Amino acid sequence: MTSTNVTEEAEDPGPGGYAAARLRLLTEEARSGPPRRTALADLTDDWLGGLFAAGAEGARGVSLVAVGGYGRAELSPRSDLDLLLLHDGTDPEAVAALADRLWYPVWDLGLALDHSVRTPAEARRTAGEDLKVQLGLLDARHIAGDLGLTTALRTAVLADWRNQAPKRLPALRELCEERAERQGELQYLLEPDLKEARGGLRDATALRAVAASWLADAPREGLADARRRLLDVRDALHLTTGRATDRLALQEQDQVAAELGVLDADALLRQVYEAARVIAYAGDVTWREVGRVLRSRAVRPRLRAILGGGKPAPERSPLAEGVVEQDGEVVLARAARPERDPVLPLRAAAAAAQAGLPLSLHAVRRMAAGARPLPAPWPAEAREQLVTLLGSGRPTVEVWEALEAEGLVSLLLPDWDRVRCRPQRNAVHLWTVDRHLIETAVRASAFTRRVSRPDLLLVAALLHDIGKGWPGDHSVAGEVIARDVAARIGFDQHDVTVIATLVRHHLLLVETATRRDLEDPATVRAVADAVGAQGTLELLHALTEADALATGPAAWSSWRASLVADLVGRVSAVLSGDAPDGPEEAAPTAEQERLAIEAVATGAPVLSLRAQTEPPAEPSGDPEPLGVELRIAVPDQAGVLPAVAGVLAMHRLTVRTAELRALDLPDGVDGSVLLLDWRVAAEYGSLPQAARLRADLVRALDGTLDIAARLAERDAAYPRRRGVIAPPPRVTVAPAASRHATVIEVRAQDAPGLLFRIGRALEDAAVRVRSAYVSTLGANAVDAFYVTQERGVPLPGDEAVAVARKLEEALRA
């Protein structure tokens, strides 16, 4: 049946003609989606227009107006008809009679009706008192009667909305947040409410209202398509259930998928989740912009009064190379060139998450427009920035969503597409697969002080369920994918094997602890064989807890935790053996010996700086910078570690790795030398000057340079944003780690001056640092200090514990 036939059949103003035409339209297989919704609105307009003409009988000063979804011509099969009978107030009795002639036929057909009869003044007053009424009137559309009356009301309502926007928009945002709290997030629910949940149709309508205020606008790319997809799903839901419902119940998903020609219920949910994610992200960006504009309007008059006119330039604070903070968001520096800096998206994301700030929409889109794939393997900086991002705690979620919205995650990790928006049909799981992986990383970030390799823990958390996008056992498939991804990210073969083992066995501890007899030695031995090493066991224990906590409240309990801890203790006993006496030291190189001899001869520190690079990603490209290799030889004396670390912090150099050790000199050379081999990186790209570093180091060692005071002055002048709340530092004594020294392990959030504070605290404790091994893994510092008493022997047990406790207190202060 053609649309012309439907329209002709509906020309009969009686309910029978309209009902038959409506039924034919809804059962037409050739027409669905926006065309059907528009045709249904047109058909309804014609019918109501006929009823109005028959009932008005020449009445003037009255019009019939569609509002809300009907006003937008978006009628789903079971949608309410939202109608306003508008009149000028001259003949109330005639208007009442006309209302009866309009409403009763609608009720007779069993259609849901939301109706009102008002003058323009009454409509505006009600809108001023009721935000929901005002939102409905923003979509007012004329159906029949006095067009001038409808047009005047539309103009007045829009003017009111724009004038009242500074007060109304915060109220609208509060409504959206309350609704999200009640209904949850559409993109994660197994039985979502397409209209009321966050990221649903109500939020899409709210974004239209924000745009109508002229105060801010939503990102438009993909928003119309996302809205259309949710409306299409709601249409199919109405047709398959025969009810006016917005909740996509489990038992109806297969039918709705079939109605839409979608493969199955999982494919349907992924489409719904994708649409909801677009709308939710657009909402986040839009409401952030609304807040910025309103704050700016509130501050501007005061600034004008203070400055005497003129517009102040926005304040920009550097966060990382090419990345700055401006107006509460992370934006790109003016000199940033995304097309030439493939690490920039990760660096910006890590800086944003660490600062607890959102990435600006403009910055993300600019990076996406100029982005190119990272070389394989990734540069060391890219890997470090990814680990920093993953270890930033709760702010990681919002930053990751911003990267996903513009396709940057898929560019960095192509395997991510298989788990993106993938539903988990398990009542225990709160999230889709991709969000669960990010949630696991968030949970794991709280455990970085428990493990010696937080970088491996965080990456394994990100990848542990990556195999759920493939057929078969997701742990087996995930091991293969994780091995490939970890190698591409740039981990060495040993670390790749550890990550793959963690992914393969991420369910091993909890399943064994809750389903096997732990008193059976074979059970414990089997777990020990699968894990293979103490370090891997430590990581697997933390990953197990993070995974369970990220799944949902039903997945973890004190009982499960105690069983897993018991199993870990038993496996650890099986795996334990004689610990190595510290890292094996390589023989000194010719350059190290030269520097050491020169330091003894001059009685002063000697240093060399050399840029470290990786081979270029392309044959014609430039080498990839790794940082600067700093090698220092110093005559053995007290205070070397805090002096060197403090000077580097003064020059805004970040320590990535560091080794300190006493060097045995060749025969015939008297004296003792400390050798420091460090890799450092400039915070904002400025190159260090070797002469100034050496001069400041000489002054620091002879006591004429007060490093602590200089660092305090700088921090006072340029206070750092606190950003994320990191887990507190943890200082422990490693039992039986060395026969010649006491090993004190420090795990803390990396920060400027951290190594200086550690060195000074150890000096204050009157212990001698025999050697040190410092590494920065993302935002986490994992350091080991081999210390002795002045006469060169390990510390007694009680004294070692006391030193560790004092060091931890100093770092927490």
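Residues numbered from 1 in each chain as written. Predicted model: local features only at pLDDT ≥ 70, side-chain atom pairs only at ≥ 80, totals over all residues. Heavy atoms only, no water.

Draft legend 1. How the structure looks around the overall build of the protein chain. Check the secondary structure of the protein chain and you find 32 helices and 15 strands. For the protein chain, the spread of C-alpha atoms along the principal axes amounts to about 120 × 75 × 55 Å. Relative to its full complement of 813 residues, the protein chain shows a buried share of 53%. When contacts within the protein chain are restricted to residue pairs at least 6 apart in sequence, those whose partners lie at least 24 apart make up 70%. About 36,300 Å² of surface is accessible on the protein chain, with carbon and sulfur atoms providing 51% of the total. Here the protein chain holds 96 positive side-chain charges and 115 negative ones, and the gap between their average locations is 4 Å. (Helix = DSSP H or I, 4+ residues; strand = E, 2+ residues; numbered from the N terminus. Buried < 20%, exposed > 50% of the residue type's maximum accessible area, 1.4 Å probe, protein only. Contact = heavy atoms within 4.5 Å. Areas by Shrake-Rupley, 256 points an atom, 1.4 Å probe, with all protein chains shown as cover. Lys, Arg positive; Asp, Glu negative; His and termini not counted. Charge placed at Lys NZ, Arg CZ, Asp CG, Glu CD.)

Draft legend 2. Fine view of the pattern of salt bridges. For the coordinates displayed, the defined rule picks out 55 salt bridges. Between Arg124 and Asp160 there is a salt bridge, with the nearest N and O atoms lying 2.8 Å from each other. On the criterion of sequence distance, the pair formed by Arg124 in helix H6 (residues 120-129) and Asp160 in helix H8 (residues 147-163) is long-range, its members being 36 residues apart. Judged by relative accessible area, Arg124 falls into the partly exposed class, the value being 38%. (Salt bridge = Lys/Arg side-chain N within 4 Å of Asp/Glu carboxyl O.)

Draft legend 3. Structural context of the pairing of strand E11 (residues 673-682). Across the 10 residues of E11, 9 count as buried, placing the element largely inside the fold. Relative to E11, strand E10 (residues 653-663) runs antiparallel, the two sharing 10 bridges. Across the sheet, residue Glu659 finds its bridge partner in E11, namely Asp677. (Pairing = 2+ DSSP bridges.)

Draft legend 4. The arrangement of the packing of helix H17 (residues 395-405) against helix H19 (residues 433-445) in detail. Viewed as axis vectors pointing N to C, H17 and H19 meet at an angle of 145°, and their least axial separation amounts to 10 Å. Of the two elements, H17 crosses H19, and the hand of that crossing is right-handed. Listed contacts from H19 to Thr396, Val397, Trp400, Glu401 and Glu404 of H17 are Asp434, Arg435, Ile438, Glu439 and Val442. Here the contact of H17 with H19 is composed, by residue class, of 4 nonpolar, 1 polar and 5 charged. (Axes fitted to C-alpha atoms, helices over the stretch in contact; angles between N-to-C directions. Left-handed = near helix turned anticlockwise from the far one by under 90°. Nonpolar A, V, L, I, M, F, W, Y, C, P; charged D, E, K, R; others polar.)

Draft legend 5. Fine view of the sheet that holds strand E3 (residues 113-118). With mixed pairing, the 4 strands of this open sheet are ordered in space as E3-E2-E1-E4. The sheet is open, and its two borders are formed by E3 and strand E4 (141-145), each paired with just one other strand. Adjacent strand axes in the sheet meet at a mean angle of 25°, parallel and antiparallel pairs treated alike. The sheet contact formed by strand E1 (residues 62-66) and strand E2 (residues 81-87) spans 5 bridges and is antiparallel. Across the sheet, residue Leu64 finds its bridge partner in E2, namely Leu85.

Draft legend 6. Structural detail: the packing of helix H22 (residues 493-504) against helix H25 (residues 534-551). Between H22 and H25, the least distance of the axes is 10 Å, while the angle of their chain directions is 40°. When the axis of H22 is compared with that of H25, the two are oblique. In terms of crossing hand, the pair formed by H22 and H25 is right-handed. Residues Val498, Thr501 and Leu502 of H22 form the contact with H25, whose participating residues are Thr536, Leu539, Leu540 and Leu543. (Parallel < 35°, antiparallel > 145°, perpendicular 65-115°, else oblique.)

Draft legend 7. Expanded view of the sheet that holds strand E6 (residues 323-326). The antiparallel open sheet is built from 3 strands, whose spatial order is E5-E6-E7. Only two strands of the sheet have a single partner each, and these edge strands are strand E5 (316-320) and strand E7 (329-332). Adjacent strand axes in the sheet meet at a mean angle of 40°, parallel and antiparallel pairs treated alike. Where E6 and E7 come together, 4 bridges link them in antiparallel fashion. Bridge assignment links Glu325 to a residue of E7, and that residue is Val330.

Draft legend 8. Spotlight on the packing of aromatic side chains. Evaluated as defined, the whole model comprises 5 aromatic pairs. Ring geometry for Tyr188 and Trp431: centres 5.0 Å apart, planes at 90°, overall edge-to-face. With Tyr188 in the loop between helix H9 (165-183) and helix H10 (201-212) and Trp431 in the loop between helix H18 (408-412) and H19, the pair connects residues that are 243 residues apart, well separated along the chain. For Tyr188, a relative accessible area of 8% translates into the label buried. The ring of Phe491 carries the charged tip of Arg383 above its face, separated from the ring centre by 5.5 Å. Across the ring face of Trp470, the terminal group of Arg418 is positioned such that the distance to the ring centre comes to 3.6 Å. (Phe/Tyr/Trp six-rings, centres within 6.5 Å; stacked < 30°, edge-to-face > 60°. Lys NZ or Arg CZ within 6 Å of the ring centre and 35° of its normal.)

Draft legend 9. Spatial organisation of the side chain of Glu329. As for its placement among the helices and strands, Glu329 is situated in strand E7. Accessibility expressed as a relative area gives 16% for Glu329, which makes it buried. Aside from chain neighbours lying at most four places away, what touches Glu329 is Arg288, Val324, Pro358 and Ser360.

Draft legend 10. Representation of the nonpolar core in the model. In this structure, Leu359, Trp378, Trp400 and Trp416 are the most contacted members of the largest nonpolar core, which totals 92 residues. Here this core gets 9 residues from one element, more than from any other, and that element is helix H14 (residues 344-355). The residues touching Trp416, leaving out its near neighbours within four places in the chain, are Trp400, Glu404, Val409, Asp434, Leu437, Ile438, Leu462 and Ile466. Residues Val628, Leu660, Leu754 and Ala761 belong to the second largest nonpolar core, which totals 52 residues. (Core = buried A, V, L, I, M, F, W, Y, C linked by side-chain atoms within 4.5 Å.)

Draft legend 11. Representation of the pairing of E10 in the model. In terms of residue burial, E10 counts as a mostly covered element, since 8 of its 11 residues are buried. When E10 meets strand E14 (residues 768-777), the two strands line up antiparallel, connected through 5 bridges. Bridge pairing in E14 links Ala658 to Val774.

Draft legend 12. Quick look at the environment of Asn426. Mapped onto the secondary structure, Asn426 falls in the loop between H18 and H19. Judged by its relative accessible area of 35%, Asn426 is partly exposed. Sequence spacing of Asn426 and Leu190 is 236 residues, and the spatial spacing of their C-alpha atoms is 8.9 Å.

Draft legend 13. Structural context of H14. Spanning 12 residues, H14 covers 16 Å between terminal C-alpha atoms, matching the ideal 16 Å at 1.5 Å per step. Taken as a whole, H14 has its buried residues at Leu344, Pro345, Leu346, Arg347, Ala348, Ala349, Ala350, Ala351, Ala352, Ala353 and Ala355. After H14 finishes, the residue Gly356 shows a positive phi value of roughly 70°. (Expected span 1.5 Å × (residues − 1).)

Draft legend 14. Geometry of the side chain of Arg277. You can see Arg277 is positioned in helix H13 (residues 265-307). A polar contact is formed between the side chain of Arg277 and the side chain of Gln187, at a distance of 2.8 Å. Aside from chain neighbours lying at most four places away, what touches Arg277 is Gln187, Tyr188, Glu404, Arg420, Cys421, Thr432 and Asp434. (Polar contact = N/O pair within 3.5 Å; in protein donor to acceptor, adjacent residues only side chain to side chain.)

Draft legend 15. Spotlight on unusual backbone geometry. Note that the residue after Ala376, namely Pro377, is joined by a cis bond; omega there is -5°. Relative to the assigned elements, Pro377 resides in the loop between helix H15 (361-370) and helix H16 (380-390). Within the chain, Cys421 stands out as a residue other than glycine whose phi angle is a positive 60°. Mapped onto the elements of the fold, Cys421 is located in the loop between H18 and H19.

Draft legend 16. Region of the structure containing the environment of Asp495. Its location among the elements puts Asp495 in helix H22. The class for Asp495 is buried, based on a relative accessible area of 7%. Every residue in contact with Asp495, bar those within four places of it in the chain, is listed here: Arg453 and Leu456.

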